[in-house]
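Structural features, examined
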Amino acid sequence: MTLRCLTPLTPLRWYQAGAALVVVCLVVTATTCVRRSAATPPTNDLLIVGYDREPDTLNRFSTHILEDIQTCVVEGLTTTDEQMKVIPLLAIEVPTIENGGVRLRTDGGMDVTWKLRPGVTWQDGKPLTSADVKFTADAINGPNYNPESTDGFDRIGSVDTPDALTAIVHYKEIYAPYDIQFIRGMLPKHVLDGRDIDRAQDYNRAPLGTGPYRVADWKAGEYILLERVAHYWRGDEYPKIRRLMFKFIANTNTRINQLKSGEVHVVALVPWDKYREIAGMSSIVVHKTAGNAYEHVTLNERQFPPFADVRVRRALTHALDRELLTKTILDGLAPVAHGPVQPVSWAYTNRITRYPFDPARARTLLDEAGWKMGPNGIRQRDGRPLAFTLITQAGFAIRENMAQAIERQLRDVGVDVTVQLHDGTAISAIWFEGRFDAMLHWWQMPSDPELTTFFAADRTPPAGRNINYYQDEALTRLLYASDRTVDREERTRLLQRAQQIVADAAPEIPLYSITRLDAIPSTLKHFKGNPTNTGIFWNVHEWEMK
Amino acid sequence: MIRFLARRALQSLPLLVLISALVFLLIHAAPGGPLAIYLSNPNVRPEDIERLRRALGLDRPLWQQYWSWLAAFAQGDWGYSFSDGRPVAARIVERIPPTLELVGTSIIVAIALTLPAGVIAAVRRGRWFDRTTTAVAVAGISLPAFWFGLLLQIVFAIGFGWLPSSGRTTLGGGDLIDHVRHLALPVTVLAVVQAAAWSRYLRGSMIETLAQPFVLAAHARGIPARAVILRHALRHAIGPVLAVVMVDAALLASGAVVTESVFAWPGLGSLFTEALARRDYTVLMALLMVTSTAIVLFNVAADAVHALVDPRIAAA
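Residues numbered from 1 in each chain as written. Chains lettered and ligands numbered in written order. Predicted model: local features only at pLDDT ≥ 70, side-chain atom pairs only at ≥ 80, totals over all residues.

1. As for the overall build of chain B
Of the regular secondary structure elements, chain B holds 14 helices and zero strands. When the elements of chain B are put in sequence order from the N terminus, they spell out α-α-α-α-α-α-α-α-α-α-α-α-α-α. Structurally, chain B occupies a C-alpha span of about 85 × 55 × 35 Å along its principal axes. Across the 316 residues that make up chain B, the buried fraction comes to 41%. For chain B, restricting intrachain contacts to residue pairs at least 6 apart in sequence, the fraction spanning at least 24 positions comes to 72%. (Helix = DSSP H or I, 4+ residues; strand = E, 2+ residues; numbered from the N terminus. Buried ≥ 20, exposed ≤ 12 C-beta atoms within 10 Å, placed from the backbone. Contact = placed C-beta atoms within 7 Å.)

2. Some remarks on the pairing of strand β1 (residues 46–51) of chain A
Residue and element names in this part refer to chain A. Among the six residues of β1, five are classified as buried, and the element is accordingly described as predominantly covered. Sheet topology note: the β1/strand β10 (residues 243–248) ladder contains six bridges and is parallel. Bridge pairing in β10 links V49 to F246. (Pairing = 2+ DSSP bridges.)

3. A short note on the sheet that holds strand β15 (residues 384–385) of chain A
Residues and elements named next belong to chain A. Sheet architecture is open: three strands sit in the order β13-β14-β15, paired in antiparallel fashion. In this open sheet, the two strands that pair with only one neighbour each are β13 (372–373) and β15. Sheet topology note: the strand β14 (residues 379–381)/β15 ladder contains two bridges and is antiparallel. The partner of Q380 across the bridge, within β15, is P385.

4. Describing the interface of chain A and chain B
With 64 residues of chain A at the interface, the matching set in chain B holds 65 residues. Going through the elements one at a time, α1 (11–33), α5 (201–205), β10, α6 (252–261) and α12 (424–432) of chain A are the ones with two or more residues in the side of chain A that touches chain B. The element best represented in the side of chain A that touches chain B is α1(A), accounting for 12 residues. Looking at the side of chain A that touches chain B, its residues break down into 29 nonpolar, 24 polar and 11 charged. (Nonpolar A, V, L, I, M, F, W, Y, C, P; charged D, E, K, R; others polar.)

5. Considering the sheet that holds strand β5 (residues 110–115) of chain A
Residue and element names in this part refer to chain A. Taken together, the four strands give an open sheet; going across it, the order is β4-β5-β7-β6, and neighbouring strands pair in antiparallel fashion. A strand with exactly one partner marks an edge of an open sheet, and here the two such strands are β4 (102–104) and β6 (156–163). If you compare each strand with its neighbour and ignore which way they point, the axes differ by 15° on average. Here three bridges tie β4 to β5, and the two strands are oriented antiparallel to one another. Bridge assignment links V102 to a residue of β5, and that residue is V112. The strands touched by helix α3 (residues 130–141) within the sheet are β5, β6 and β7 (166–171), with β6 carrying the most contacts at an inclination of about 165°. (Axes fitted to C-alpha atoms, helices over the stretch in contact; angles between N-to-C directions.)

6. Things to note about the confidence of the model for chain B
Residue and element names in this part refer to chain B. Mean pLDDT over chain B stands at 86; residues scoring 70 or higher make up 97%. When the elements of chain B are averaged for pLDDT, helix α14 (residues 312–315) gives the smallest value, 60, and helix α4 (residues 88–93) the largest, 93. Model confidence for the complex is summarised by a pTM of 0.85, with the ipTM given as 0.80. (pLDDT = per-residue confidence, 0-100.)

7. What about helix α11 (residues 397–411) of chain A?
Residue and element names in this part refer to chain A. Helix length check: α11, at 15 residues, gives a terminal C-alpha distance of 21 Å against a target of 21 Å (1.5 Å per residue), a fit within 8%. Of the positions making up α11, those classed as buried are M402, A403, I406, Q409 and L410. The buried side chains of α11 occupy one side of the element, clustering within an arc of 130° when seen end-on. Taken together, the buried residues of α11 touch β12 (284–299), α8 (310–319), α9 (322–328), β16 (387–393), β17 (416–422) and β18 (438–444). (Expected span 1.5 Å × (residues − 1). Arc of directions from axis to C-beta.)

8. Quick look at the nonpolar core
The tendency in soluble globular proteins is for nonpolar side chains to be buried side by side. Ranked by internal contacts, the top residues of the largest apolar core, which has 93 residues, are V49(A) and L244(A). Apart from residues lying up to four places away in sequence, V49(A) is in contact with L244(A), M245(A), F246(A), K247(A), V264(A) and V266(A). (Core = buried A, V, L, I, M, F, W, Y, C linked by C-beta atoms within 7 Å.)

9. Here's the deal with the confidence of the model for chain A
A low pLDDT means the predicted coordinates there should not be read in detail. A residue-level look at chain A finds 93% of positions with pLDDT of 70 or above and a mean pLDDT of 91. Across residues 1–12 of chain A the pLDDT falls below 50, and counting only partners more than four positions away or on other chains, this stretch makes 12 contacts in the model.

Spelled out as structure tokens, the structure:
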């Protein structure tokens, strides 16, 4: 073990070998670079989607992230269209009281009859039957499977299957969003019966569905490739595009760069601050969809008691020039929001109190609430300054800019705001435990306009998402009443009244309604977009390159 | 030498156990757990969170969780990912080849840049080459990898359209040329940043060595200057630099986190970023233990290489 070991290859030769290798690599790269282009144009053979993360699982009931990829493979009894309307998919119609599909029982429960579309088969050729609907409800309610959520399923007492195409779901109580109960699809009984679904990797990595695509390949960390099925139930002419590739590109800048270089063709949910970079590209169209989410400032009145005074909350809302904020920071791409229900929802009303930018009114309200201007420009009462911390997610440029603007505008009326940034996972834990004064964030609202979990007095964490800790018994009664009716007119009336109460009380500051931006090839036809978590691929079978 | 290596490896075992305990505490102390990600879905209710907590074993006392993890890990059972339910070992093993490909190539290129830059800068100290390489090296050390990576993408992928901006292969590709094309930009980032640092070490070490009496003696014996520099001085000067290279290589082998993220490279670094964001404790623990073991082993290997170059080390 001496220096002799090294003599066959001296440092000089190591260096020469290394240099030679580098030269060879450079030559190979350079000569092939000029011949090959990195871009591949979108065609009916292959459409490449730049996706912001790798899914955890393709089992729609287990995943906790958006279900874009799953939507192409696994279909539900219903889906939501581009206007957030619930439409039938594997059911022949959406059950309602009017069409006899929903029957209210005298014991306070309800029965929903689903009629399945005849002739639909799983991708392995086995027929889809009502036994699959029953199996899905039983598996989700059973002890051997841990889906993301059992919401709604836990209110199902039993499922009857009088024939192969009829499933009658017996609810123990009235459940208003019954129409989207099976929107995530069905679990195939013949594949999963008797198995540990959490560990059924064959299904969870490549689920069997009834959709237009099947999973052809999942390369960890790189992509998921979907391939069209031979016989889709809508007809062999669907889907029009043969393969869909979802490339995982977590870094937003890289994703946009890939779009610009033509290496990916579709980028869903383009951040607003990237809009100008790609808006001028002739090969790309940025499709805008009015969204069902709203950015707002949550005011936690339990942690910061001054927020319990309605005059303070109204003053803060008046103090923000939201028109200016959306025009500048969001490039005018998202409209100002005035409440938790967005115009795309059937329950929306614009007959609510609005708070235009009015700093003079804000100052008056704060004066009335006893918060007098102090010598340092910060208001105070009983020797305590009107100062709070605003938390928001780090690494999200728009939120960071928005938080700074809010800090500046509230300072003008004598309110001292300190902005604190946290990573996405940490911030979830912080708000769930209620350890914050105010938070800038959004809620992606369910397609069913339920407000109970966000505003009912007894739905503060962990029981719900009322993180304003806002307490209003009358509103709470109204919200629960809206959950216990399936009469659309009555429900609309109750939910619109609830929106008026929320707007009057201003328990949070609505900022803007989320507009979805999806970048697609200018040659792609029949793209419709979607404001819900169903995602933009709900009608992917129609998509076609012209 | 074998006894020397065995002794060093054995000494490392208690260190690794200590590291595992500290790492376990640290990742559990970070705010939010594996279930935090579910909270933003309003349909996930407290009952669901409790059910999932029990299913993942997170309802047990921390020491119990650590002990059962350690006992299983020691027996080769790395558990299942909290995020996708797959075996942790499978998730890590599939990410090793891409990382080795990226990091291995980067280290070779970086060494190929380091040797001439460091040696010539030392020999021609203060001249134009030295000043230029110093400026380039300072820039290289200061360049944030993410910024440099995006800049390369804009120039070579979007501007010229010569190279793919990210990813490891093209669908249907995967031949050698396809790999080289995908490697070009991330390797450039890693190699330039590493070579910038390493060439500074080599320059310093060479300047020190060139002033040693044995170098003067070699010149006096009439050995050609080129041979004195490359055979005598460089062999002496390269020892400390190799130790730095080995430790840096170990860190890189555990995943070039930023570079992999910018170039969507499916290696250990991307897996680490993803596991951290999702607080996937089992994957994080396994990754950090693999990293720690790699660093310990590379340190032992660095000692061995140093001992090969300088036998006094092994004798000590």
